[in-house]
Amino acid sequence: MNIGYSFWGFLGEGITDTPDGGRGHRYAWLRELARQGHTIVNLQQDRDATEAHDLSFQAFFEWDCASTPSIDLLFLEWRWPIPGRNVGIACGEPGHTCDLHRQDELLKSYTYRRGTPTLIWDKDLRLPLNSPIRRLPNVQVAETAWRPRVGSFRLQIPVSQDALTQARYRAKEERPEDRDISLLYVGNQYERDDRFNEYFAIPALTTPHHYVVGKWTQTSNWPWVTFQGRRAFRESMQFYERALATVALLPPRYEKVGQTTQRVAEAVTRGCVALVPRSVASADRITPPELLVSRGAAVNERIAKIRAMPVLDYQDLRLRAIDLLEPLQTAVQYQNLVENCRWFSDG
């Protein structure tokens, strides 16, 4: 099919001072769609070119952020109103982003006017369950959760096969003492204060060599925590390459459906095992059982146990964590499309 793809972010590393959880996997996903025979035209701004000054992706994909070219399917990474960013600031004014009004334009032209098949990938669980768009016969909704909400099917954050292969190789070569950071969190503060306090800040009181990387604007409650601020994508990933463990800190609405975002895969493929609260739905499908935690004190206990592991046991733990990422592999996620999205099935 000719797929019109809408995303607000980057295919490469992008720039530092902007949120985009897709930059670590989006390029591999679009390449998988292309490998399966589909033609991709990206319908939002080419921010790799305009903001990161990276023109390399123009050799692989087409961009059209001004018109509505002929397509067979509209594929949306769903955007929502964000006051002070894409609503409340006039287009062209400093601080405004054009993602939402471009998405509205695409929906109006394709979904409503032409009846174009439309797949909404609600990666942030922002599309209300009572939204009228869900009832349109030419719309399907996918969510990146182990237990998608009613009316949606599962389409996880994809992981490239290359990343899994490289992770397996490194897992067989490393020891716990190779990791100088005991506890790490990479990600932003949004809706995470309670879980952060329980599973990171309190353990950090007695865990040396811990870091938080990301945008955290309200930190006065945790003066003992080492906040590093936002870092470039590559530098953030290098923190994972030094870290023994991270914790999956999720807003309650994510926990309820088992939506772990991209962070677990980014960590595990770089050798950093992920501790996951037992309150997360389908937690046993996300990390090995000995890495599940039900209270903050358990974080310290798990870190101490991993530090003391014999090398072969540690390597086995790393490999089993990687095994749990296999269902997220790009080709497997594409098969999910074939099985659950009628337009891919019909093709």
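We now turn to the structure provided with this report. (Residues numbered from 1 in each chain as written. Predicted model: local features only at pLDDT ≥ 70, side-chain atom pairs only at ≥ 80, totals over all residues. Heavy atoms only, no water.)

## Remarks on the overall build of the chain
- In terms of helices and strands, the chain carries 12 helices and 12 strands.
- Computed over C-alpha atoms, the radius of gyration of the chain comes to 20 Å, within 12% of the 20 Å expected from 2.2 N^0.38 for 347 residues, which places it in the range of a compact globule.
- Seen through its principal axes, the chain has C-alpha atoms that stretch 60 × 40 × 40 Å.
- Per-residue burial over the chain gives 54% buried out of 347 residues.
- Surface accessibility of the chain: about 15,100 Å² in total, with carbon and sulfur atoms responsible for 50%.
- Side-chain charges in the chain split into 43 positive and 42 negative, and the spacing between the mean points of these groups amounts to 4 Å. (Helix = DSSP H or I, 4+ residues; strand = E, 2+ residues; numbered from the N terminus. Rg over C-alpha atoms; globule rule 2.2 N^0.38 Å. Buried < 20%, exposed > 50% of the residue type's maximum accessible area, 1.4 Å probe, protein only. Areas by Shrake-Rupley, 256 points an atom, 1.4 Å probe, with all protein chains shown as cover. Lys, Arg positive; Asp, Glu negative; His and termini not counted. Charge placed at Lys NZ, Arg CZ, Asp CG, Glu CD.)

## Remarks on the sheet that holds strand β11 (residues 273–277)
- The parallel open sheet is built from five strands, whose spatial order is β9-β8-β10-β11-β12. Of all strands in the sheet, those with a lone pairing partner are β9 (210–213) and β12 (292–293), marking the two edges.
- With four bridges joining them, strand β8 (residues 181–186) and β9 adopt parallel strand pairing. Considered in β9, the bridge of Leu-184 is made with Tyr-211. (Pairing = 2+ DSSP bridges.)

## Here we look at the sheet that holds strand β3 (residues 62–63)
- Within the open sheet, the seven strands sit side by side as β3-β2-β1-β4-β5-β6-β7. Their pairing is parallel. Here the strands that pair on one side only, and so sit at the sheet edges, are β3 and β7 (152–154).
- Pairing analysis gives four bridges linking strand β1 (residues 2–6) to strand β2 (residues 39–42), with the strands arranged parallel. Among the inter-strand pairings, Tyr-5 is bridged to a residue of β2, identified as Asn-42.
- Against the sheet, helix α11 (residues 330–340) makes contact with β4 (73–77), β5 (118–122), β6 (139–143) and β7, and its axis sits at roughly 145 degrees relative to β7, the strand it touches most. (Contact = heavy atoms within 4.5 Å. Axes fitted to C-alpha atoms, helices over the stretch in contact; angles between N-to-C directions.)

## Structural notes on the packing of aromatic side chains
- Within this structure, the stated rule accounts for 16 aromatic pairs.
- Judged by centre distance (5.8 Å) and plane angle (50 degrees), the rings of Trp-29 and Trp-121 are tilted. Taken together, the residues Trp-29 in helix α1 (residues 26–35) and Trp-121 in strand β5 connect sequence positions 92 residues apart.
- Judged by relative accessible area, Trp-29 falls into the buried class, the value being 1%.
- A residue is classified by how much of its surface remains accessible, and Trp-121, at 1% relative accessible area, is buried.
- Summarising the aromatic geometry, the rings of Tyr-211 and Phe-239 are spaced 5.9 Å apart at their centres and angled 65 degrees between planes, so their arrangement reads as edge-to-face. With Tyr-211 in strand β9 and Phe-239 in helix α6 (residues 233–242), this residue pair connects regions lying 28 residues apart in the sequence. (Phe/Tyr/Trp six-rings, centres within 6.5 Å; stacked < 30°, edge-to-face > 60°.)

## Re the nonpolar core
- With 26 residues, the main nonpolar core has Phe-196, Phe-200, Val-225 and Val-299 as its most contacted residues.
- Of all the elements, helix α5 (residues 193–204) adds the most residues to this core, at five residues.
- Residue contacts for Val-299: discarding those within four places in its chain leaves Leu-183, Tyr-199, Pro-203, Val-247, Leu-275 and Val-293.
- In this structure, Leu-250, Tyr-254, Leu-292 and Leu-319 belong to the second largest nonpolar core, which totals 25 residues. (Core = buried A, V, L, I, M, F, W, Y, C linked by side-chain atoms within 4.5 Å.)

## A word on the pattern of salt bridges
- Counted under the stated rule, the structure contains 27 salt bridges.
- Two residues, Arg-175 and Glu-177, come together in a salt bridge whose shortest N-O distance is 3.7 Å.
- Its salt-bridge partner being Arg-320, residue Asp-316 comes within 2.9 Å of it at the nearest N-O pair. One end of the pair, Asp-316, and the other, Arg-320, are both in helix α10 (residues 311–323), four residues apart, so they sit about a helical turn from each other.
- Among the charged side chains, a salt-bridge network with shared partners connects Asp-20, Arg-26, Glu-77 and Lys-123. (Salt bridge = Lys/Arg side-chain N within 4 Å of Asp/Glu carboxyl O.)

## Re unusual backbone geometry
- Phi is positive for Leu-125, which is not a glycine, with a value near 55 degrees.
- As for its position among the elements, Leu-125 is in the loop between β5 and β6.
- According to the relative accessible area criterion, Leu-125 is buried, its value standing at 9%.
- Phi is positive for His-209, close to 60 degrees, though the residue is something other than glycine.
- Along the chain, His-209 falls in the loop between α5 and β9.

## Focus on the packing of α5 against helix α9 (residues 296–307)
- Interaxial distance between α5 and α9 falls to 7 Å at its minimum, and their mutual angle equals 60 degrees. When the interaxial angle is binned, α5 and α9 end up oblique. The element α5 and its partner α9 pack so that their crossing is right-handed. From α5, Glu-198, Tyr-199 and Pro-203 reach across to α9, where they touch Gly-296, Val-299 and Asn-300. (Parallel < 35°, antiparallel > 145°, perpendicular 65-115°, else oblique. Left-handed = near helix turned anticlockwise from the far one by under 90°.)

## A few points about the environment of Ala-163
- Tracing the backbone through its elements, the reader meets Ala-163 in helix α4 (residues 161–171).
- Since its relative accessible area comes to 21%, Ala-163 is described here as partly exposed.
- Separated by 107 residues in sequence, Ala-163 and Arg-270 place their C-alpha atoms 8.6 Å apart.

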